Amino acid sequence: MGYVLESPRPQEVKDEVTAQEAAVDEVMHSSPREACGVFGAFVPGTEVSHLAYDGIYALQHRGQESAGMATSDGQAVVVVKDMGLVANVFNEYKLAALPGHIAIAHTRYSTTGSSSWHNAQPVYRMTSKNPDRAQPIEFALGHNGNLTNTEVLAAEAGMLPGTATSDSDVIAELVVRHLDSNPTHDLVDALNHVLPTLEGAFSLVLVDHGRLIGVRDPNGYRPLCLGKLDQGWVVASETPALDIVGAHLVREVDPGELLIIDSEGPVSEAPWPAERIDPKLCLFEFVYLARPDSRLYGQELHSARIRMGELLAEQAPVEADMVMGVPDSGIPAAEGYARRSGIRYGHGLVKNRYIGRTFIVPDQAQRAQGVRRKLNPLRETIEGQRLVVVDDSIVRGTTPRAVVKMLREAGAKEVHLRISSPPYRWPCYYGLDTGTRAELIAADLTVSEIEEYLGADSLAYLTLDALKKATGAPGAGFCDACLTGSYPSEVSVRMERRAPAASPVA
Ligand code: SF4
């Protein structure tokens, strides 16, 4: 049977570290924060832990709180996971301790459940001993997304209030309880039974003794793609994870698809009825979340982001001397804005690429200083210039306010903010951590009120229609709930990650 490698750090130390990391994260990320990347590999005759390491390394941007991997050699499932970046969690010794030709790997940013070692993934379960089952079933599961009926499911699973540490834990518990109650069923049977009870966003990877399994919820909020190696198969949140391991993209896993990969190759099952399938890929995967070299709906995202900037220049022109982007995510749209407007493109801010989770946590009064640790202006480039400053989104307003102040102090004559998405007004319940509505600057303020708060000479956002047009797939299904308040599914229950913060303009 398999095992889970324990972290050597005591729990109180882990929790203290991760609380600090969450506070730093709040300062360092002005855009919506990612919520996990998943990867899976099935390569007969090959030890796949190094390959899975490469795959999840390419998805590091989707979550930096914890990383983990589970492998199977056909006899046992072994899990290694810990807090920290992929490169910190794994080394040669740990990869060597992960034997087998099947692997899943996960990198996490928490949305439901706290940031702690217990919530790091993959989640592992083994069925109870049962005389009707020759051998217990063990499996591990990795989850990208966020369930919206976690508490209801936890109650149905018989979990005592407070014992469910995350929505992913609840999924694993529902599956193992189904298996314990139905000793003639296998993991796929259990998934076909449990999956239709889940609501919300979930792209899953699972491994048992002999199979790699991929699942995408019927709305397909979070991406998941299938790739082919010479001797095997991989699934991943984004296509760069296929590129790095030498796999070619076969297709995106369909919304509502249960994909089972064994030595015979992939087979699809459909746990949901056809009328339940309604593609709603997260629009912010295009705006910001996914890597620029990712492909979604057949489009390369870097090109889509340049188109967002081009349309923004058409919709919100301004007389200026230079267009610049807020590094890194505002850069492609800034290129597009400059190209379409004919205004010179330049670099006005330098980003400290080594900024991470290691510096001392700033308090409320030090937030602007926290931004300065990340970004520093190029004074000779900026001085006396009328600037168009392009960013992908405004969530709380902390970073753009500090950026405008920084640019003015560096001598900018005018600062015109241009945002390559519409105002972010509603919380996300499908796998992004944007905080509560009280934390969103656009929830209650008009564009001109936000402009005044940020201290910009002007502020303009891209419209929703233009954003969808810029994706290159305007007719495809998208979720835009955080921009419109129109949620594709009921979102009455939520396990809040943090207590609501004060209004950003308070
Ligand atoms: S609410 Fe917004 S961030 Fe969340 S899935 Fe929908 S589009 Fe994406």
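Above this note sits the structure.
For clarity, every value in this text was computed on a predicted model and none was experimentally measured.

Can you help me understand the sheet that holds strand β18 (residues 322-325) in this one?
Here four strands make up an open sheet; going across it, the order is β18-β21-β22-β23 and the pairing parallel. Either end of the sheet is taken by a strand with one partner, and the two such strands are β18 and β23 (458-461). Pairwise comparison of adjacent strand axes, ignoring direction, gives a mean angle of 20 degrees for this sheet. Direction of pairing for strand β21 (residues 386-391) relative to strand β22 (residues 414-419): parallel, over a ladder of six bridges. Along β22, the bridge assignment pairs Val390 with Arg418. On top of the sheet, helix α11 (residues 331-341) reaches β18, β21 and β22; it is set at about 160 degrees to β18, its chief contact.

Where do I start with the pairing of β22 in this structure?
Residues in a regular strand point their side chains to alternate faces of the sheet. Most of β22 is tucked away, with five of its six residues classed as buried. Once you follow β21 into helix α14 (residues 398-409) and on to β22, the crossover reads as right-handed. Summarising the sheet, β22 and β23 pair through four bridges and their orientation is parallel. Bridge pairing in β23 places Leu417 opposite Leu459. Where the polypeptide runs from β22 across helix α15 (residues 447-454) and back to β23, its parallel neighbour, the crossover connection is right-handed.

Quick question: what am I supposed to make of the site of the ligand here?
Near the ligand there are 12 residues, and of these Cys282, Cys428, Cys479, Ala481 and Cys482 occur at the shortest range. The set of elements that each furnish at least two residues to the shell around the ligand consists of α9 (283-289) and α17 (481-484). Looking at side-chain class alone, the shell around the ligand contains 11 nonpolar, no polar and one charged residues.

What is the right way to look at unusual backbone geometry in this model?
If a residue is not glycine, its phi is most likely negative; likewise, a peptide bond is most likely trans. Omega for the peptide link from Gln121 to Pro122 comes to 10 degrees, which places this bond in the cis form. In this structure, Pro122 sits in the loop between β5 (102-108) and β6 (123-126). Phi at Tyr297 takes a positive value of approximately 50 degrees, unusual for a residue other than glycine. Assignment of secondary structure puts Tyr297 in the loop between β16 (295-296) and β17 (299-300). For Tyr297, a count of 20 C-beta atoms within 10 Å gives the class buried.

How should I be thinking about the environment of Leu51 in this particular structure?
Examined against the element boundaries, Leu51 turns out to sit in helix α2 (residues 49-57). Its 23 C-beta neighbours within 10 Å are what place Leu51 among the buried residues. For the pair formed by Leu51 and Ala41, sequence separation is 10 residues and the distance between their alpha carbons is 7.9 Å.

Whenever I open this one, the pairing of strand β14 (residues 265-269) confuses me. Can you help?
Bridge count for strand β13 (residues 258-262) against β14 is five bridges, and the pairing is antiparallel. Within β14, the residue paired with Asp262 across the bridge is Gly265.

So what exactly am I meant to see when it comes to the sheet that holds β6 here?
Strand pairing in a sheet relies on backbone hydrogen bonds. The paired strands run either parallel or antiparallel. Spatial ordering of the open sheet is given by β6-β7-β8-β9-β13-β14, a layout of six strands whose pairing is antiparallel. Each of the sheet's edge strands pairs with one partner strand only, and the pair in question is β6 and β14. Between one strand axis and the next, the sheet turns through 20 degrees on average, direction left out of account. The strands touched by helix α6 (residues 167-181) within the sheet are β6 and β7 (138-147), with β7 carrying the most contacts at an inclination of about 135 degrees. The sheet contacts of helix α7 (residues 187-194) involve β7, β8 (200-207), β9 (212-216), β13 and β14, and relative to β13 the element is tilted by about 175 degrees.

Reading the values: rules and limits
- Position labels on residues start from 1 in each chain and follow its written sequence.
- Given that this is a predicted model, residues contribute local features only at a pLDDT of at least 70 and side-chain atom pairs are listed and counted only at 80 or more, while totals for whole chains, interfaces and linings are drawn from all residues.
- Strand pairing follows a simple DSSP-based rule, namely that at least 2 bridges must link the two strands.
- The numbering of helices and of strands both runs from the N terminus, where a helix is a DSSP run of H or I of at least 4 residues and a strand a run of E of at least 2.
- In this analysis, axes come from line fits to C-alpha atoms, helices being fitted only over the stretch in contact, and the angle between any two N-to-C directions falls in the range 0 to 180 degrees.
- Two residues qualify as being in contact provided that their C-beta atoms, derived from the backbone, are within 7 Å of each other.
- Whether a residue is buried, exposed or partly exposed is read from the other C-beta atoms within 10 Å of its own C-beta, which are placed from the backbone; 20 or more gives buried, 12 or fewer gives exposed, and intermediate counts give partly exposed.
- A crossover counts as right-handed when, viewed with the strands pointing away from the observer, the path leading from the first strand over the helix to the second turns clockwise.
- Any residue whose C-beta atom, as set from the backbone, lies within 6 Å of a molecule or strand is reported as near that molecule or strand.
- Note on residue categories: nonpolar means Ala, Val, Leu, Ile, Met, Phe, Trp, Tyr, Cys or Pro, charged means Asp, Glu, Lys or Arg, and polar means any other residue, Gly included.

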